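Examination of the molecular architecture
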Amino acid sequence: MPYNYDDQNIFAKILRGEIPNDTVLETEHTLAFNDIQPQAPVHVLVIPKGPYVCHDHFALNASDAEIADFTRAVGKICQMNSIQPGEGGEGYRTIANAGSDGVQEVPHFHMHILGGRPLGRMLSK
Ligand code: AMP
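Attention in this report is confined to the structure presented alongside it. (Residues numbered from 1 in each chain as written. Predicted model: local features only at pLDDT ≥ 70, side-chain atom pairs only at ≥ 80, totals over all residues. Heavy atoms only, no water.)

**What about the environment of Glu-28?**
Basically, it comes down to this: Secondary structure elements follow DSSP: runs of H or I no shorter than four residues count as helices, runs of E no shorter than two count as strands, and numbering proceeds from the N terminus.
Within the secondary structure, Glu-28 is located in the loop between strand S1 (23-26) and strand S2 (30-34). Glu-28 sits 21 residues away from Lys-49 along the chain, and the two C-alpha atoms are 8.3 Å apart.

**A word on the site of the ligand**
Using the following cut-off: What makes a residue near a molecule or strand is one non-hydrogen atom of that residue sitting within 4 Å of it. The term polar contact refers here to a pair of N or O atoms within 3.5 Å; inside protein, the definition further demands a hydrogen-donor-capable atom paired with an acceptor-capable atom, and it admits residues adjacent in sequence only when both atoms are side-chain atoms. Residue-level accessible areas treat just the shown protein chains as cover; the underlying method is Shrake-Rupley with a 1.4 Å probe.
Surveying the vicinity of the ligand reveals 16 residues, the closest of which are Asp-35, Asn-97, Glu-105, His-110 and His-112. A distance of 2.5 Å separates an oxygen atom of the ligand from a polar side-chain atom of Asp-35. Side-chain polar atom of His-112 to an oxygen atom of the ligand: 2.8 Å apart, as the coordinates give it. Calculation on the ligand without its partners gives an accessible area of 510 Å², and the protein chains cover 88% of this total. At the level of elements, helix H1 (10-15) and S2 are the ones that each hand at least two residues to the shell around the ligand.

**A short note on the sheet that holds strand S5 (residues 111-115)**
To keep it simple, the criterion reads: The pairing criterion for strands is at least two bridges between them, as found by DSSP. For helices, the fitted axis covers only the stretch in contact; all axes are lines through C-alpha atoms, and the angles between them, taken along N-to-C directions, range from 0 to 180 degrees.
As summarised here, the arrangement of the five strands in space is S1-S2-S3-S5-S4, forming an open sheet in which the pairing is antiparallel. Each having just a single partner strand, S1 and strand S4 (92-95) make up the two edges of the open sheet. Here the strands of the sheet are splayed against their neighbours by 20° on average, with no regard to which way each runs. As defined by bridge partners, S2 adjoins strand S3 (residues 42-48) across five bridges and the pair is classed as antiparallel. Looking at the pairing, Thr-30 lines up with Pro-48 of S3.

**Brief notes about the nonpolar core**
Here is a general trend for soluble globular proteins: nonpolar side chains tend to be buried in one another's company. The condition that has to hold: We call a set of buried Ala, Val, Leu, Ile, Met, Phe, Trp, Tyr and Cys residues a nonpolar core when their side-chain atoms join them within 4.5 Å. Only protein chains enter the area calculation, which uses a 1.4 Å probe; residues under 20% of their type maximum are buried, those over 50% are exposed, and those in between are partly exposed. Two residues qualify as a contact provided that any one of their heavy atoms is within 4.5 Å of a heavy atom in the partner residue.
Grouped together as the largest cluster of nonpolar side chains are 17 residues, with contacts concentrated most on Val-44, Val-46, Phe-70, Ile-77 and Ile-113. Listing elements by their share of this core, those giving two or more residues are S3, helix H3 (64-80) and S5. When residues of this core are assigned to their parent elements, the largest contribution, five residues, is made by H3. In this structure, Phe-70 is in contact with Thr-30, Val-46, Ile-47, Pro-48, Phe-58, Phe-109 and Met-111, ignoring residues within four places of it in sequence.

Here is the structure:
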């Protein structure tokens, strides 16, 4: 079944300015803001401004400019939070949940950046 973007999802509302967010970075094609229920000292959500449901939808349909902008934004947020393991930081984890098996709650592609404490193993079960 093709992707059907629901423009009433909460991140679409954030992008339209209908509900507030705690922005940490905004670029031409990307917005990053703090997760409302942080699970680590650093918990930032990075989203494209375009209407993409999940990572593969974005990866296969977004323009090169959107993908480059998004990827650079992820790097900048790691830099801003001093979590880059190659630059003296202690590391981090990126997560992009997709669909029902991935337990994606908000159907607008978003990448979680988590850091600031040891995060444990990737999956608990
Ligand atoms: P996921 O399960 O990957 O879809 O994660 C959705 C994330 O969005 C969760 O970590 C929520 O805490 C977060 N979230 C939901 N609503 C908001 C909001 N209004 N502002 C910031 N983060 C939110």
